[in-house]
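# Descriptive analysis of the structure
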Amino acid sequence: MKKLLTGNEAVARGAFEAGVSLATGYPGTPATEIIEALSGLDGVYAEWSANEKTALEMAAGASFAGKRALAVMKHVGLNAAADPLMTLSYTGVGGGLVIAVADDPGMHSSQNEQDSRLYARMAKIPLLEPSDSSEALALTKEAFRISERFDIPVMLRLTASVSHSESPVRIGKRIATPAIPVRKKPEKYVMLPPYCNLRRLDLEKRLKKLGEFSESFRFNKTELSSAKKGVVTSGISYLYVKDAVPDVSVLKLAMTHPLPHKLIREFSKSVKRLFVIEELEPFIEDAIRAEGIKVVGKKEGILPSFGELAVETIRGFMEESSYRPDRKPFGNGAFCPGCPYLGVFYHLKGLGSYVFGDIGCYTLAARLFSGSIDTTLCMGAGVSQAAGFLKANPSESAVAVIGDSTFFHSGIPAVVNALYHKSPLTLIVLDNGVTAMTGGQPHAGSGSSIKGILKALGLKTVVEVGPYDIRKIRTAITGALESGELSAIIVKGECVVKAKPKSMTIEKKLCNRCLKCLGIKCTALMEDEEYPSISGRCIGCSLCASLCPKNAIR
Amino acid sequence: MKKKAANIVFSGLGGYGIITASDICAHAALYSGFDVKQSSLKGIAQRGGHVISHIKFGSKVYSPRVEAGSADFVVSIRGAARGFLSTAGVLIEMKDAEISQYGKSVNIYALGILSGFLPFPKSAWFRAIKERFGVPKRGAGPDMLEKNIRTFLDGRDLKQSAAR
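Calculation rules
- Residues numbered from 1 in each chain as written.
- Chains lettered and ligands numbered in written order.
- Predicted model: local features only at pLDDT ≥ 70, side-chain atom pairs only at ≥ 80, totals over all residues.
- Heavy atoms only, no water.
- Helix = DSSP H or I, 4+ residues; strand = E, 2+ residues; numbered from the N terminus.
- Contact = heavy atoms within 4.5 Å.
- Areas by Shrake-Rupley, 256 points an atom, 1.4 Å probe, with all protein chains shown as cover.
- Lys, Arg positive; Asp, Glu negative; His and termini not counted.
- Charge placed at Lys NZ, Arg CZ, Asp CG, Glu CD.
- Buried < 20%, exposed > 50% of the residue type's maximum accessible area, 1.4 Å probe, protein only.
- Buried area = accessible area lost by both parts, 1.4 Å probe.
- Salt bridge = Lys/Arg side-chain N within 4 Å of Asp/Glu carboxyl O.
- Pairing = 2+ DSSP bridges.
- pLDDT = per-residue confidence, 0-100.
- Axes fitted to C-alpha atoms, helices over the stretch in contact; angles between N-to-C directions.
- Polar contact = N/O pair within 3.5 Å; in protein donor to acceptor, adjacent residues only side chain to side chain.
- Disulfide = S-S within 2.5 Å.
- Right-handed = clockwise from strand over helix to strand, strands pointing away.

### Let's talk about the overall build of chain A
When its secondary structure is counted, chain A shows 19 helices and 20 strands. Taking the principal axes of its C-alpha atoms as reference, chain A extends roughly 80 × 60 × 50 Å. Of all intrachain contacts in chain A linking residues separated by at least 6 positions in sequence, the fraction that spans at least 24 positions is 75%. Looking at chain A as shown, the accessible area adds up to about 22600 Å², and 53% of this sits on carbon and sulfur atoms. Computed over 68 positive and 56 negative side-chain charges, the separation of the two mean positions in chain A equals 2 Å.

Given below as structure tokens:
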């Protein structure tokens, strides 16, 4: 049966058909839908873990138990999971262990565009790169087989365009999970120096075998034509190449670590001029250069090592013209009308404090309210940055703003640290009980009392406020800033992404056109002609009404 | 003559069902025996702003993305992505009157108009629409399905009378 699946759904389907027992992950665009597609399926335990490190360690535990396991994350999530990853290649696996990582070239929904393939080289694990859904399904199944055959975790690397584009796949049956007995084997699984040194040597042997396997891996495909030019490519770039220059010879690599060096050399001999086309880092290109093979790629400065590639970029590159693509800043994304956090940032913009933000949709406030967020770095960074800032600059005041999902992901250690080292920062937790930006998934702290946790850690002042009482929010923030010690405000409000419209109106008779209401920057408010007006996207939160001196908004 | 391969861009403001319309169209292509690819934006790029989705169908489709200036059709509801339209391309843009007449179903109406230009049999469209609206667990049901089929046919008829 043929079905239209996204790359992410195809990975989930592939894992399901491969008999996966456990799937873990932390939501993050563009990887989110893999765990969503696996939850609720028979025979699969799927969870949103507290963070990616936890997710990968859960998967490692299931693999030790002899079961097939999948850990899913976006590229920056792999940074959090890098610690277990670097040593998992030493221990190897019990049941097949696959790490699906989705990169975001062009940063549609991320803070950087790191190339995760470099992790595969550093961790010394095999790396597979599908280019569409049908391949995503097939390579996921293949990844589990490779993992078990070579006793090693396998990285399946996607990019946003592969994860989110839909194409037809053939649906197959789920196989029974191979029964691998649980074995107590400290020399394999306890990585203390005598053992890890032996495993390190063993890893070299496994990598050598994988290198040979890569040469004959059936998903590495050579498509020869009569043209003089040849392209080595992988992932989504293969599809762009086929559209841009349909007549050239192509070596499409599905396994890009370890690389099939003999196959590449053979291909290079069959063409006059060899090009390498890949998104982000010159990962394949550098390895080919290191073999002493002449190639044209990113070093020549035409093909960019940033952003997504496009058909026209590739065409220009292959014609070896001086064409250079423009990089347009990505301008999308706005606060939802009635977002419960608008009020917080409305106040933060004018307080004169430094505000250390975190990862979440509320980061958009940096563009909306000038001065309301001064930094955003990575998950959990805001609290520690605020504390560090205050140690270096004690005469200023600092606010750390963090969402609840991020708080549980990696914010708690930062709070513990700030408290122990007596940092007088003001902590604002935006608590909607879900991971909102990726679609409202529950997280490992959903339902827990953040107030209770902060109190138990030792914070004296923890104030809970509602999202739409703009005066109380202001009082709470100024109170915390004046307290001279680490105090917290929890702003509790439900995410409105699925809220039903409930329109309010502005009575022209009462409105004096002071336009104070527009200050809340709600996207349901419009400045039409003379009077402000409210669009059908309004959810009736009445934040704007609380700013109206004439009581004209009802 | 109806094309055997085409690039389509759906574009508009969030909340108007752009992705739903695109999704139905992609399935109609699949059920008509074409190779098809569809891509749309997710994550923070999706928040409260502009929504865009690309479809390519034909006997064999490689890249899932429609290049600027290469769309045969742009379907838009409040926010046209004209930059995608090829010189001979067709812009199907919903007017304010149509948006207020069809409300939440304006996406299906636009899809009906588009269907008149595409080589997919009616049965393929109906199957795709049924799968989207005929499933009770998605908050839809027989009423919803019937209403959407009617709206779809309204659009399809409009295209046919315009062609005459």
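### Side note on the overall build of chain B
Across its full length, chain B carries five helices and five strands. For chain B, the α and β elements follow one another from N to C terminus as β-α-β-β-β-β-α-α-α-α. Among the 164 residues that make up chain B, the fraction classed as buried is 54%. Considering only contacts in chain B between residues 6 or more positions apart, those separated by 24 or more positions represent 63%. Total accessible area on chain B is roughly 7200 Å²; 54% of this is exposed by carbon and sulfur atoms.

### Let's talk about the interface of chain B and chain A
Taken residue by residue, the interface counts 24 residues in chain B and 38 residues in chain A. Here chain B packs against chain A, burying approximately 2600 Å² in sum over the two surfaces, 58% of which is carbon and sulfur. Between Asp243 of chain A and Lys56 of chain B there is a salt bridge; the shortest N-O distance is 3.1 Å. Those elements that place two or more of their residues in the side of chain B that touches chain A are α1 (18–31), β2 (35–40) and β3 (50–58) of chain B. It is β2 of chain B that provides the largest number of residues to the side of chain B that touches chain A, a total of six residues. Note that strand β8 (residues 165–170) of chain A and β2 of chain B share two bridges and pair antiparallel. Bridging from a neighbouring strand, Ser165 of chain A pairs with Ser39 of chain B of β2 of chain B.

### Structural notes on the confidence of the model for chain B
Residues at a pLDDT of 70 or more form 85% of chain B, whose mean pLDDT is 87. Prediction confidence for the complex, expressed as pTM and ipTM, is 0.94 and 0.89 respectively.

### A closer look at the sheet that holds strand β16 (residues 426–431) of chain A
Residue and element names in this part refer to chain A. A sheet is described by the order of its strands in space; here five strands give the open sequence β14-β15-β16-β18-β17, paired in parallel fashion. Across the chains shown, the open sheet's two edge strands, defined by having one partner strand only, are β14 (354–356) and β17 (462–465). Strand-to-strand, the axes of this sheet are offset by a mean angle of 20 degrees, without reference to chain direction. Sheet topology note: the β16/strand β18 (residues 487–492) ladder contains six bridges and is parallel. Paired with Val429 across the bridge in β18 is Ile490. Packed onto the sheet, helix α17 (residues 404–420) meets β15 (398–403) and β16 and runs at close to 135 degrees relative to β15.

### A few points about the environment of Ser110 of chain A
Residue and element names in this part refer to chain A. With respect to the helices, strands and loops of the structure, Ser110 is situated in the loop between β5 (97–103) and α5 (117–123). Here Ser110 falls in the buried class, since its relative accessible area comes to 16%. Residues Ser110 and Met255, 145 residues apart in the sequence, show an inter-C-alpha distance of 26 Å. Engagement of the side chain of Ser110 in a polar contact is seen with the side chain of Lys74, the distance being 2.9 Å. Within the structure, the side chain of Ser110 is placed 2.6 Å from the side chain of Asp104, a separation counted as a polar contact.

### Let's talk about the state of the cysteines
Residues and elements named next belong to chain A. Under the defined criterion, the tally for this structure stands at zero disulfides over all chains. Left without a disulfide partner, Cys361 is nearest to the cysteine sulfur of Cys495, which lies 6.2 Å away. For Cys361, a relative accessible area of 18% corresponds to the buried category. A disulfide-free cysteine, Cys541 has its sulfur positioned 5.9 Å from the sulfur of Cys522, the nearest such atom.

### Digging into the sheet that holds strand β12 (residues 255–257) of chain A
Residues and elements named next belong to chain A. If you walk across this open sheet you meet the seven strands as β3-β2-β4-β5-β7-β6-β12, and the pairing is mixed. At either margin of the open sheet sits one strand with a lone partner, and together these are β3 (45–48) and β12. Across two bridges, strand β6 (residues 127–128) lies against β12 in antiparallel orientation. When the bridges of β12 are listed, Leu127 appears paired with His257.

### A few points about the pattern of salt bridges
Residues and elements named next belong to chain A. Under the counting rule described, the total for this entry stands at 33 salt bridges over all chains. Arg117 is paired through a salt bridge with Asp115; the nearest N and O atoms lie 2.9 Å apart. Overall, the relative accessible area of 0% leaves Arg117 in the buried class. Classification of Asp115 as buried rests on a relative accessible area of 5%. The partner of Glu530 in a salt bridge is Arg513, with the nearest N and O atoms 3.7 Å apart. Taken together, the residues span a long stretch of sequence, with Glu530 in the loop between β19 (525–527) and β20 (532–534) and Arg513 in the loop between β18 and β19 at a distance of 17 residues. Overlapping salt bridges, with partners in common, bring together Asp103, Asp115, Arg117, Glu129, Arg157 and Glu278 in one network.

### Focus on the pairing of strand β11 (residues 249–253) of chain A
Note on strand geometry: in a regular strand, side chains alternate between the two faces of the sheet. Residues and elements named next belong to chain A. Extensive coverage of β11 is indicated by the burial of five of its five residues. Where burial is concerned, the two faces of β11 agree: the one with Ser249, Leu251 and Leu253 and the one with Val250 and Lys252 are both buried. Relative to β11, strand β9 (residues 221–223) runs antiparallel, the two sharing three bridges. Looking at β11, one finds that Glu223 is bridged to Val250. Alignment of strand β10 (residues 229–234) against β11, held across five bridges, turns out to be parallel. Of the residues in β11, the one forming a bridge with Thr233 is Lys252. Taken together, β10, helix α10 (residues 236–244) and β11 form a β-α-β motif whose crossover is right-handed.

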